[in-house]
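Structural description and commentary
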Amino acid sequence: MKFQWSLILGLFFALLTAVFAVMNVDTVPVNFGFDVVSIPLILVILGCALIGGVVVGSYGIFRQYKLQKQIKSLNAELTKLRDAGNAMDSLTVPNDVLSSEGSAQV
């Protein structure tokens, strides 16, 4: 359900950006620092939206990779602790063996 709301919200913002861009079709000068180019404002708006999407997507992918790496590390640690716990359980002596000897001291 969360994915559906995210998709609907994303489509709404894409539609809002497209309408805003279509209303601004005038040519504007864009200064790149080394050159000035006159291009339609619609291309500037859509280009900035695209660059923003790429930046946010890249951050999301990086964050997901980092979390998957952490999950893998924690799963390995959990497995190691479980194996150590199983080894400790096999080393302990059951109480009924101690009581059958009569005067066993612990």
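Quick caveat, the model's predicted, so the values are computed rather than measured.

1. Examining the overall build of the chain
Secondary structure assignment for the chain yields three helices and two strands. Reading the helices (α) and strands (β) of the chain from amino to carboxyl end gives α-β-β-α-α. Considering the chain as a whole, with its 106 residues, one finds that 3% of them fall into the buried category. Accessible surface computed for the chain: about 9500 Å², of which carbon and sulfur atoms make up 68%.

2. A few points about the environment of isoleucine 42
Mapped onto the elements of the fold, isoleucine 42 is located in helix 2 (residues 41–91). The class for isoleucine 42 is partly exposed, based on a relative accessible area of 21%. With 18 residues separating them in the primary sequence, isoleucine 42 and asparagine 24 have C-alpha atoms 5.9 Å apart. Excluding residues within four positions of it along the chain, isoleucine 42 makes contact with Ala21, Val22 and Asn24.

3. Re the pairing of strand 2 (residues 36–40)
Of the strand pairs in this sheet, strand 1 (residues 27–31) and strand 2 are connected by five bridges, and their pairing is antiparallel. Pairing of valine 28 across the sheet is with isoleucine 39, part of strand 2.

4. A closer look at the confidence of the model for the chain
For the chain, the mean per-residue pLDDT works out to 83, and 85% of the residues sit at or above 70. Highest mean pLDDT in the chain belongs to strand 2 (90); lowest belongs to helix 3 (residues 95–100) (58).

5. Quick look at the packing of aromatic side chains
Under the counting rule described, the total for this entry stands at two aromatic pairs. On the numbers, 6.4 Å between centres and 25° between planes, the contact of phenylalanine 32 with phenylalanine 34 is stacked.

Parameters and conventions
- In this numbering scheme, every chain counts its residues from 1 along its sequence in written order.
- Only residues with pLDDT of 70 or above have their local features reported here, since the model is predicted, and side-chain atom pairs are shown and tallied only from 80 upward, although totals for entire chains, interfaces and linings are computed over all residues.
- Computation of side-chain values: all heavy atoms of the structure, hydrogens and water removed.
- Labels follow the DSSP assignment, with helices taken as runs of H or I lasting at least four residues and strands as runs of E lasting at least two, numbered in each case from the N terminus.
- Using a 1.4 Å probe on the protein chains alone, a residue whose accessible area is under 20% of its type maximum counts as buried, one over 50% counts as exposed, and one in between counts as partly exposed.
- Values of accessible area rely on a 1.4 Å probe in the Shrake-Rupley scheme; residue burial ignores everything except the protein chains shown.
- Only heavy atoms enter the contact rule, under which two residues are in contact if any of them lie within 4.5 Å.
- Paired strands are those between which DSSP finds at least two bridges.
- The pLDDT value tells you how sure the predictor is about a given residue, anywhere from 0 up to 100.
- Pairing of aromatic side chains requires ring centres within 6.5 Å, counting the rings of Phe and Tyr and the six-membered ring of Trp. Pairs whose planes differ by under 30 degrees are stacked, by over 60 edge-to-face, and all others tilted.

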